[in-house]
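What follows is the residue order along each chain.
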Amino acid sequence: DAGVIQSPRHEVTEMGQEVTLRCKPISGHNSLFWYRQTMMRGLELLIYFNNNVPIDDSGMPEDRFSAKMPNASFSTLKIQPSEPRDSAVYFCASRLEDLGNTIYFGEGSWLTVV
Amino acid sequence: GDSVTQMEGPVTLSEEAFLTINCTYTATGYPSLFWYVQYPGEGLQLLLKATKADDKGSNKGFEATYRKETTSFHLEKGSVQVSDSAVYFCALSSGYSTLTFGKGTMLLVSP
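*Asks:* Which residues make up the state of the cysteines, and what values do they have?
*Replies:* Working definition: the covalent bond between the sulfur atoms of two cysteines is a disulfide. Residue and element names in this part refer to chain B. Under the defined criterion, the tally for this structure stands at 2 disulfides over all chains. The disulfide partner of Cys23 is Cys90, and the gap between their sulfur atoms is 2.0 Å. Around the S-S axis, the bridge from Cys23 to Cys90 shows a dihedral of about -70 degrees and counts as left-handed. Placement of Cys23 in strand β4 (residues 23-26) and of Cys90 in strand β10 (residues 86-93) is noted, with a sequence separation of 67 residues between them.

Dropping the structure here:
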């Protein structure tokens, strides 16, 4: 079975440009998460969807960040305008809510803003 | 709120040495506990998990036991290999909430 699929894997962009990261969760999973990983802060939860509805977006840093989940098989995380401090690895993850609560991660999108 | 505390790294070991990475947690109720591993340049992979007290999770020679009395979930392996070099994350999930991660512990194994 395919895991969580993210694109692009690597992106280098200039400050001020719009960045869109994409995620396809595991088929049948009903929860989706966006995490950010940096050396300074470790893993931070940005936003969490359940059945395509945002449940907790308290981790979204500021208005420059937005996330959507238009259907059960696709989500985007957008940064507009991007800044050098947004450089990080962005992970998408998904889960089928059951007693095991296991969350499965994608390979990550490695973003560098110069 | 929920929190996870892991020992700071890096942990440096020789091949075939015994590994322990300590993890303690604070949570309301009865969380599920997880260890994830991140190899260089890759995403996080589930290594093992335990969903109730006294459960032992195991995978690839790694083990961890859910100890409710000490609120701990220490990761152990009897004989590490160079290929085990990675960052290890302890995490918990209460009910259907999101994962709360520790800061990660880097393991470096030399031949």
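*Asks:* Tell me about the interface of chain B and chain A, and name the residues and values.
*Replies:* Facing the 19 residues of chain B at the interface are 20 residues of chain A. Summed over both sides, the interface between chain B and chain A buries roughly 1600 Å², with carbon and sulfur atoms accounting for 55% of that surface. Across the chain B-chain A interface, the total number found is 0 salt bridges. The interface formed by chain B and chain A holds 4 residue pairs in polar contact (both at pLDDT 80 or more) in total.

*Asks:* Which residues make up the sheet that holds strand β8 (residues 74-79) of chain A, and what values do they have?
*Replies:* Residues and elements named next belong to chain A. The 4 strands lie next to each other as β1-β3-β8-β7, forming an open sheet whose pairing is antiparallel. Two strands lie at the open edges of the sheet, namely β1 (5-7) and β7 (65-71), each paired on one side alone. Between one strand axis and the next, the sheet turns by 15 degrees as a mean value, whatever way the strands run. For β7 and β8, the ladder comprises 5 bridges, and the chain directions are antiparallel. Bridged to Phe65 within β8 is Ile79.

Rules used in this analysis
- Residues numbered from 1 in each chain as written.
- Chains lettered and ligands numbered in written order.
- Predicted model: local features only at pLDDT ≥ 70, side-chain atom pairs only at ≥ 80, totals over all residues.
- Heavy atoms only, no water.
- Disulfide = S-S within 2.5 Å.
- Helix = DSSP H or I, 4+ residues; strand = E, 2+ residues; numbered from the N terminus.
- Contact = heavy atoms within 4.5 Å.
- Buried area = accessible area lost by both parts, 1.4 Å probe.
- Salt bridge = Lys/Arg side-chain N within 4 Å of Asp/Glu carboxyl O.
- Polar contact = N/O pair within 3.5 Å; in protein donor to acceptor, adjacent residues only side chain to side chain.
- Pairing = 2+ DSSP bridges.
- Axes fitted to C-alpha atoms, helices over the stretch in contact; angles between N-to-C directions.

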